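Tertiary structure, described
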Amino acid sequence: MEGELKNLIKVWLVVLASLCYTYFIASKIPKGKLRLLSLIPIFFLFTILPLSLTTVLPTGITAFFITWLANFKLLLFSFGLGPLSSDPPKSLPLFISIACFPIKIKQNDKYPSHQNTQKHINSSPILEAPPKLPLNFPTKVLLFALLVAAIDYKRVHPKIVLGSYCCLLYFLVDIVLGLCNAIVRATLGIELELPSDEPYFSTSLQDFWGRRWNLMVTNILRHTVYKPVRSISETVLVKLKQQKQKWAPLPAVLVAFIVSGLMHELIFFYITRVNPTWEVTCFFVLHGVCLVVEFWVKNVLLARGCWLHWAVAGPLTIGFVVVTANWLFLSPLVRNGADIKAIEECKVVMKLLKDNMLWTLKSL
């Protein structure tokens with residue numbers, strides 16, 4: 001464990017040095033191909049850094065933060081776009097924080113976020129909103145700890161264990177991203193958007209993936225994949241004299257899901273060090289196709305004034321996500337024992353925190 005901690009410190013020192021180079025040198029190069037060329041060594045470094053780690057959670061979190069999100073942000077920065085670009089330039093601490101962590105600065109009313117611009121979709125009385133049940137950060141930590149302590153993968157039926165993994169994944173992602181928000185908010189004093197918006201109340205796949213689950217990934221994919229592909233598809237449809245506004249988003253949605261699948265395959269490779277079986281990519285391709293079909297069906301039914309009530313659509317949506325996640329998304333992790341390793345790592349961390357708390361209380 002001590003050796004892994006040293007490796008983790010070395011990895012993040014390299015990340016900090018790379019971002020300092022980006023801030024002080026690469027940012028001075030004119031945006032475009034030249035700046036992109038200057039950042040190629042950073043892209044390479046951020047891609048191989050997770051290979052220096054061996055434990056499941058530090059490897060997965062580092063790969064998610066750096067290999068995926070930071071690389072995509074730097075790709076946008078190459079062309080003067082994305083959260084790292086601004087006029088005047090951001091301060092070094094803010095630049096590093098936005099590059100390193102999966103955070104998104106909350107936009108004011110003058111420049112509303114994409115999430116707010118989508119509220120009109122649910123304004124129809126047909127699409128009633130489900131009740132609110134916000135879980136605050138301490139509640140999520142408590143529920144996560146109870147689940148980790150309660151899971152007995154040696155005695156409990158595998159399907160029950162897999163079902164609990166979906167809850168654990170939700171809590172883990174929200175806790176990690178919530179901690180990042182708390183750290184950045186406390187140190188820099190900026191207001192940040194929440195990492196998710198009650199995904200357990202999703203009433204459609206469009207609602208789940210676009211407006212509720214892991215909003216940082218949704219935002220970065222929107223700017224790096226969805227918008228460029230949509231622009232291309234609009235150009236093609238104009239040449240073909242088709243209705244570009246109606247059909248242009250669909251290829252962009254599919255490509256965004258494919259890219260997300262490939263990035264998850266890469267993260268799973270870092271965690272398991274086993275060649276990909278492409279089940280994770282199939283999971284995202286399946287959801288991309290189903291979302292496109294849902295988009296078409298919903299437009300047809302809403303035009304006729306009918307759609308499923310949230311009490312029916314919600315369980316169907318979450319049920320589909322959970323079943324397909326158990327079938328395709330979690331299978332590579334379970335097959336290679338990464339789930340057991342992750343749970344054991346969580347228990348070690350929980351024990352260390354418990355021991356430290358007891359020692360603190362005794363010292364008082």
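Residues numbered from 1 in each chain as written. Predicted model: local features only at pLDDT ≥ 70, side-chain atom pairs only at ≥ 80, totals over all residues. Heavy atoms only, no water.

This next bit is on the packing of aromatic side chains. Tallied over the full model, the rule gives 21 aromatic pairs. Residues Trp 209 and Phe 284 carry aromatic rings whose centres are separated by 5.7 Å and whose planes lie at 55° to one another, so their mutual orientation is tilted. Of this pair, Trp 209 sits in helix α8 (residues 205-212) while Phe 284 sits in helix α12 (residues 279-303), placing them 75 residues apart in sequence. Neither Trp 209 nor Phe 284 differs from the other in exposure class; each is buried. An aromatic cluster is present here, built from Tyr 170, Phe 171, Tyr 200, Phe 201, Phe 208, Trp 209, Trp 213, Phe 257, Phe 268, Phe 283, Phe 284 and Phe 329 joined pairwise through their rings. The residue whose ring lies beneath Arg 35 is Phe 77, and the NZ or CZ to ring-centre distance is 4.6 Å. (Phe/Tyr/Trp six-rings, centres within 6.5 Å; stacked < 30°, edge-to-face > 60°. Helix = DSSP H or I, 4+ residues; strand = E, 2+ residues; numbered from the N terminus. Buried < 20%, exposed > 50% of the residue type's maximum accessible area, 1.4 Å probe, protein only. Lys NZ or Arg CZ within 6 Å of the ring centre and 35° of its normal.)

Below, the discussion takes up the state of the cysteines. Here the structure, examined in full by the defined rule, presents zero disulfides. Unpaired in this structure, Cys 166 has its nearest cysteine sulfur neighbour in Cys 167, at a distance of 6.9 Å. (Disulfide = S-S within 2.5 Å.)

Another point: the packing of helix α6 (residues 137-150) against helix α15 (residues 338-363). Running from amino to carboxyl end, α6 crosses α15 at an angle of 120°, the nearest separation of the two axes being 10 Å. Of the possible angle classes, the one that applies to α6 and α15 is oblique. Handedness of the α6/α15 crossing: left-handed. Packed against α6, whose contacting residues are Phe 144, Ala 145 and Val 148, the element α15 presents Ile 343, Cys 346, Lys 347 and Met 350 at the interface. A breakdown of the residues in the contact of α6 with α15 according to their chemical character gives six nonpolar, no polar and one charged. (Axes fitted to C-alpha atoms, helices over the stretch in contact; angles between N-to-C directions. Parallel < 35°, antiparallel > 145°, perpendicular 65-115°, else oblique. Left-handed = near helix turned anticlockwise from the far one by under 90°. Contact = heavy atoms within 4.5 Å. Nonpolar A, V, L, I, M, F, W, Y, C, P; charged D, E, K, R; others polar.)

A few words now on the UniProt feature "transmembrane region" (unreviewed entry) in the protein chain. The feature "transmembrane region" (unreviewed entry), as annotated in UniProt, sits at residues 7-26, 38-57, 64-84, 160-184, 247-271, 278-297 and 309-330 in this numbering. Counting secondary structure, residues 38-57 comes out at 65% helix and 0% strand; the distance between its end C-alpha atoms is 31 Å. Between the C-alpha atoms that bound residues 247-271 the distance is 38 Å, and the span itself is 96% helix and 0% strand. (UniProt positions renumbered as here; feature names shortened; annotations may be inferred.)

Let us look at the packing of helix α11 (residues 249-272) against α12. At their nearest, the axes of α11 and α12 sit 8 Å apart, and the two run at 160° to each other. By the angle between their axes, α11 is roughly antiparallel relative to α12. Between α11 and α12 lies a crossing whose hand is right-handed. Contact residues: α11 offers Leu 250, Val 253, Leu 254, Phe 257, Ile 258, Ser 260, Gly 261, Leu 262, His 264, Glu 265 and Phe 268, while α12 offers Glu 279, Val 280, Thr 281, Phe 284, Val 285, His 287, Gly 288, Val 289, Leu 291, Val 292 and Phe 295. Each residue belonging to the contact of α11 with α12 can be placed in one class, and the counts come to 14 nonpolar, six polar and two charged.

Of all eight residues in α8, seven are buried, a share of seventy percent or more. Residues Leu 205, Gln 206, Asp 207, Phe 208, Trp 209, Arg 211 and Arg 212 constitute the buried set of α8. Directly after α8, the chain includes Asn 214, whose backbone phi takes a positive value near 45°.

Right, let's get into unusual backbone geometry. Of note, the amide linkage connecting Asp 87 to Pro 88 takes the cis form, showing an omega dihedral of 5°. Relative to the elements of secondary structure, Pro 88 occurs in the loop between α3 (56-78) and α4 (92-100). Look at Arg 273: it is not a glycine, yet its phi comes out positive at around 55°. Relative accessible area serves as the criterion here: at 36%, Arg 273 is assigned to the partly exposed category. Residue Trp 278 is not a glycine yet carries a positive backbone phi of 70°. With respect to the secondary-structure elements, Trp 278 resides in the loop between α11 and α12.

We now examine the nonpolar core. Side chains of a nonpolar character, in soluble globular proteins, are inclined to be buried together. Ranked by internal contacts, the top residues of the largest apolar core, which has 86 residues, are Phe 46, Trp 68 and Trp 209. What Phe 46 contacts, discounting residues up to four positions off in sequence, is Val 15, Ser 18, Leu 19, Ile 66, Thr 67, Ala 70, Asn 71 and Leu 74. (Core = buried A, V, L, I, M, F, W, Y, C linked by side-chain atoms within 4.5 Å.)

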